[in-house]
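# Structural overview for review
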Amino acid sequence: MSRAELSAGDVQLDPVDARLIDRLHDNFPLTERPFADVGRELGLDEETVLERLRTLLSQGTLTRFGPMFQIERAGGEFVLAALEVPEADFARVAQIVNEMPEVAHNYRRAHRMNMWFVVAASSSEEVQAALRAIGERTGLQVHAFPKEREYFVGLRLRAGSEDTGHGTR
Amino acid sequence: MALDEFDRRLIAATQSGLPLVARPYEAVGAMLGVSGQIVRERLAQMLEQGLIRRIGAVPNHYRLGYVANGMTVWDVEDSQVDALGDQVGALPGVSHCYRRPRRLPHWPYNLFAMVHGRERCEVERQAQAIRQMLGDACRASDILYSTAILKKTGLRLKEF
């Protein structure tokens, strides 16, 4: 998979954590002791890798660690959708949307359509049902933007400051 | 490709993350009643087939200093959008690039490109590069900055 790379030079992140995050972007080993193998590459022992990873996840610096499934390959669907939420009602609507297990992520955006989220499920029917449920529970019109074509997916935001192949794709 | 029962259970067991233990694949195997070796082999096949994009970490962009995240949207001439979409997607700094349906009259945009920066001016510079690339094929555009992450759990398939 190709990807873009950006560097973030002024980030206040522990340099060891930054190297670990950059290493863990992709290609996590499918070996018996993968954390030990990653540690060996970085000059860290297995327990240190695990401990730092636990901390990064519990602090929210990392939101997830594991396989990223592209469920479309197995009949599933991801659909971007948006709501125009009255400001006074924003917290209530955010709670309703976030509670749905089918909602993979949800962002507030500065626009009249101010809530943008992605619904993911293992079939198109489930996605449609979730979108309908959101419309019913919030009382708002759900604007769905299913992807018609994917041109590119895959950004690597660098945590470390060292430049290793800027923009390699 | 169709998922079999084991695949579904494997996805359900790992979609929220790998166990943070020395032998994570063994741990997943123990949940599913198979060896770690079987888990590793199937994950390797899923990577090969594209059912898994990658195995790794998802950072919170904000925590890495990328606080300016702009969804740039463009109304691009239908006959040119696919050729131009490929070019826009190839720009460094564009993380996702898709064609999506317009929702007229309020939403004339059919090309979406996510752009990230440490400051909004970086996002605007990248949007300017996209604008130049689109040229006369582009009739209107906007940038929707994210102002809060409300949820970011990733895929969570319900019990199969």
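The structure displayed is predicted, hence computed values, not measured ones.

## A word on the overall build of chain B
A count of helices and strands for chain B gives five helices and five strands. In sequence order, chain B lays out its α and β elements as α-α-α-β-β-α-β-β-α-β. Computed over its C-alpha atoms, the radius of gyration of chain B comes to 20 Å, more than 25% above the 15 Å expected for a compact globule of 160 residues. For chain B, the spread of C-alpha atoms along the three principal axes comes to 60 × 35 × 25 Å. Looking at the 160 residues of chain B, the share that counts as buried comes to 40%. Put simply, 59% of the contacts in chain B that link residues at least 6 apart link residues at least 24 apart.

## Considerations on unusual backbone geometry
With an omega dihedral of 10 degrees, the bond running from leucine 104 of chain B to proline 105 of chain B counts as a cis peptide bond. Its location among the elements puts proline 105 of chain B in the loop between strand E3 (94–99) and strand E4 (111–117). Residue asparagine 27 of chain A is not a glycine yet carries a positive backbone phi of 60 degrees. By the secondary structure assignment, asparagine 27 of chain A is in the loop between helix H1 (15–23) and helix H2 (34–42).

## A short note on the domain arrangement of chain A
One can read the domain layout of chain A as domain 1 (11–67) and domain 2 (71–146). A C-alpha centroid distance of 32 Å is found between domain 1 of chain A and domain 2 of chain A.

## Details of helix H3 (residues 36–49) of chain B
Taking 1.5 Å per residue, 14 residues should reach 20 Å; H3 of chain B reaches 20 Å between its end C-alpha atoms and fits that length. Remark: glycine 50 of chain B follows H3 of chain B within two positions and exhibits a positive phi of approximately 85 degrees.

## Regarding H2 of chain A
Each α-helix winds once per 3.6 residues, and so residues spaced three or four apart point in a common direction. Along H2 of chain A, the residues classified as buried are Pro34, Phe35, Val38 and Gly39 of chain A. The arc enclosing the buried residues of H2 of chain A, seen along the axis, measures out at 140 degrees, which places them on a common side. Where H2 of chain A is buried, its residues meet H1 and helix H3 (46–59) of chain A together with helix H2 (24–32) of chain B.

## A closer look at the packing of helix H4 (residues 78–89) of chain B against helix H5 (residues 120–134) of chain B
Residues and elements named next belong to chain B. It is the contact of H4 with H5, at a shortest axis distance of 10 Å, that shows an interaxial angle of 150 degrees. Considering the angle they form, H4 stands roughly antiparallel to H5. Both H4 and H5 take part in a crossing whose hand is right-handed. Between H4 and H5, the contacting residues are Leu84, Gln87 and Val88 on the first element and Ile130, Met133 and Leu134 on the second. Each residue belonging to the contact of H4 with H5 can be placed in one class, and the counts come to five nonpolar, one polar and no charged.

## So, the nonpolar core
Counting 56 residues, the largest nonpolar core has Ala81, Met115, Phe117, Val119 and Leu131 of chain A as the members making the most contacts within it. The biggest single contributor to this core is strand E5 (residues 115–121) of chain A, with seven residues. Each residue touching methionine 115 of chain A, except ones within four places of it in the same chain, is listed here: Ala82, Leu83, Val85, Val93, Ala94, Val97, Asn106 and Arg108 of chain A. Membership of the second largest hydrophobic core comes to 27 residues, among which are Met71, Val115, Ala127 and Leu134 of chain B.

## Here's the deal with the interface of chain B and chain A
Of the residues lining the interface, 68 residues belong to chain B; the matching set on chain A comes to 65 residues. For the side of chain B that touches chain A, the elements supplying multiple residues, two or more each, are helix H1 (5–14), H3, strand E1 (52–59), H4, E3 and strand E5 (138–152) of chain B. At nine residues, E5 of chain B tops the list of elements feeding residues into the side of chain B that touches chain A. Here the side of chain B that touches chain A is composed, by residue class, of 33 nonpolar, 20 polar and 15 charged. Pairing of strand E4 (residues 103–109) of chain A with E5 of chain B involves five bridges; the strand directions are antiparallel. Looking across to E5 of chain B, one finds that tyrosine 107 of chain A is bridged to isoleucine 149 of chain B.

## Some points on the sheet that holds strand E6 (residues 143–146) of chain A
The sheet built from nine strands is open, its strands ordered E6(A)-E3(A)-E5(A)-E4(A)-E5(B)-E2(B)-E4(B)-E3(B)-E7(A) with antiparallel pairing. Here the strands that pair on one side only, and so sit at the sheet edges, are E6 and strand E7 (149–153) of chain A. Geometrically, the sheet is characterised by an average inter-axis angle of 25 degrees between neighbouring strands, direction not taken into account. Taken together, the seven bridges between strand E2 (residues 68–76) of chain B and E4 of chain B define a ladder with antiparallel strand orientation. What sits directly across from threonine 72 of chain B, in E4 of chain B, is alanine 113 of chain B.

The rules behind these values
Residues numbered from 1 in each chain as written. Chains lettered and ligands numbered in written order. Predicted model: local features only at pLDDT ≥ 70, side-chain atom pairs only at ≥ 80, totals over all residues. Helix = DSSP H or I, 4+ residues; strand = E, 2+ residues; numbered from the N terminus. Rg over C-alpha atoms; globule rule 2.2 N^0.38 Å. Buried ≥ 20, exposed ≤ 12 C-beta atoms within 10 Å, placed from the backbone. Contact = placed C-beta atoms within 7 Å. Domains from an automatic or database assignment. Expected span 1.5 Å × (residues − 1). Arc of directions from axis to C-beta. Axes fitted to C-alpha atoms, helices over the stretch in contact; angles between N-to-C directions. Parallel < 35°, antiparallel > 145°, perpendicular 65-115°, else oblique. Left-handed = near helix turned anticlockwise from the far one by under 90°. Nonpolar A, V, L, I, M, F, W, Y, C, P; charged D, E, K, R; others polar. Core = buried A, V, L, I, M, F, W, Y, C linked by C-beta atoms within 7 Å. Pairing = 2+ DSSP bridges.

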